[in-house]
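# A look at the structure
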Amino acid sequence: MQIDKGKISGIQFMFTVACFIQSSSLLTSFFTSITKQDSWIVVILGFVMSIPSLLIYTYIMKIFPDKNLMEINNIVFGPIIGKVVSVLYLWFFLTLSALNTKDLGDFVQKTTMQNTPPIIILVVFILLCAWAVRNGVKVVTRYSMFFTLIAILIVLSTIFFTINQMKIDNFLPMLEQPKMVYIQGTHIISTIPFGELIVFLMINPNLEIEPKKRRKYFFYGFIVGGLTLLIIVLRDTAVLGNTIKIFALPPFETLRLISIHSALSRVEVLFAVSLIMLMFFKICILYYVTVMSIAYIFKLQSFKSLVISVGIIIIIYSFNIYPSIIAHINSASKTAPFEWFMFETILPLITIMVARIRKLPKLKKGMI
């Protein structure tokens, strides 16, 4: 049973994936505080290490083309275990929604609206997201291409503005940190944000793409988003060097230097607007999959009645999840990647193994 019958094209899906990854440029401090001037290296390593997970996701999407993750869990694990697994994923999606909502609220308050109470900021954004979510996946993903291209344009323009601040020496010394630093950094970025792409299994039935072609569009979006993130980290490292480790928002600090050393002032506002736009998009996606997960778990006929109540839960959860951005960074650097790995890699892999053992689904000839 498909509750939301909206369909999105291959190109729209590709830009949705790209935009989802681009929105994580706010989260680079999760690994730059550890890997310092070698952060660009772990972005590349994380990109490569995420490919097996994406192959798992796209394989599941191909063999269950008309099912979302909650339905797949029910088919593969049975009604009881499948519901337990689905509830765990619901917690995962809800937590991601709350974390990103908190990140957005903290960013807006610290950079552009210092005197505005956080609750006002979050309520306004959640209401905007709720409007999009109530109108379904087509509205949630409608502006993905626009947001992606605007983000790329802003990133490229800021490279031009900061080029006089860049120094090749800021990349040195290279590859001289302990091996565990690179392993930890790679693990962080392969789970946050690349592994979070598992959320797109929830919109699998809404893809107006042949099952065999879904992998292509998924990977194109992954490449566009990953390259954008790599360029941002390279730019920040070239400007900030080893001091990148001390900043909670390295991209924002990089652009603040333009205001100090250039006739062009307040360029960081471009980044702020771009990031708010991207974070709004990502929260809409996470909000949507959370609502849809609840609807499918409880076998509801419509998801629209859930939207406002779930939005309230997200706001409350976001205020109680971490006491500060420092605590969030500390958790994301040390514990969250291990928790997320279970949802993003272990459970999907078990899903495929159980499906193959049970010979599910009944595959048509030439499907694999």
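In this text the structure is predicted, and so the values were computed from the model without any measurement.

### Some points on the overall build of the chain
A count of helical and extended segments in the chain gives 15 helices and 0 strands. A compact globule built from 368 residues should have a C-alpha radius of gyration of about 21 Å, and the chain, at 20 Å, falls within 12% of that. Principal-axis analysis of the C-alpha atoms places the extent of the chain at approximately 60 × 45 × 35 Å. Expressed as a percentage of contacts within the chain between residues at least 6 apart in sequence, the contacts between residues at least 24 apart total 84%. When the accessible surface of the chain is split by element, carbon and sulfur atoms take 69% of a total near 15900 Å². Averaging the positions of the 32 positive and the 16 negative side-chain charges in the chain gives two centres separated by 11 Å.

### Focus: helix 3 (residues 39-63)
Helix length check: helix 3 (25 residues) gives 36 Å between terminal C-alpha atoms against 36 Å at 1.5 Å per residue, within 8%. The sharpest bend along helix 3 measures roughly 35° and falls at I51, with the proline P52 sitting one to four residues further on.

### Details of the packing of helix 1 (residues 10-22) against helix 10 (residues 214-240)
Packing of helix 1 against helix 10 leaves a shortest axis separation of 7 Å and a crossing angle of 35°. Our pair here, helix 1 against helix 10, has a crossing hand that is right-handed. Here G10, I11, F13, M14, V17, A18, I21 and Q22 of helix 1 lie close against helix 10, whose contacting residues are R214, Y217, F218, Y220, G221, F222, V224, G225, G226 and T228. Taken together, the residues of the contact of helix 1 with helix 10 sort by class into 11 nonpolar, 6 polar and 1 charged.

### Observations concerning the nonpolar core
Looking at soluble globular proteins, one finds that nonpolar side chains tend to be buried together. Ranked by size, the top nonpolar core spans 122 residues in total, and within it F13, Y89, L197, F200 and Y287 carry the most contacts. In terms of residues, this core owes the most to one element, helix 12 (residues 268-297), which gives 21 residues. Those residues in contact with F13 that sit more than four places away from it in its chain are I8, M61, F200, I203, L207, I209, R214, Y217 and F218.

Rules of the game
Residues numbered from 1 in each chain as written. Predicted model: local features only at pLDDT ≥ 70, side-chain atom pairs only at ≥ 80, totals over all residues. Heavy atoms only, no water. Helix = DSSP H or I, 4+ residues; strand = E, 2+ residues; numbered from the N terminus. Rg over C-alpha atoms; globule rule 2.2 N^0.38 Å. Contact = heavy atoms within 4.5 Å. Areas by Shrake-Rupley, 256 points an atom, 1.4 Å probe, with all protein chains shown as cover. Lys, Arg positive; Asp, Glu negative; His and termini not counted. Charge placed at Lys NZ, Arg CZ, Asp CG, Glu CD. Expected span 1.5 Å × (residues − 1). Bend = angle between axes of the 7 residues up to and from the residue. Axes fitted to C-alpha atoms, helices over the stretch in contact; angles between N-to-C directions. Left-handed = near helix turned anticlockwise from the far one by under 90°. Nonpolar A, V, L, I, M, F, W, Y, C, P; charged D, E, K, R; others polar. Core = buried A, V, L, I, M, F, W, Y, C linked by side-chain atoms within 4.5 Å. Buried < 20%, exposed > 50% of the residue type's maximum accessible area, 1.4 Å probe, protein only.

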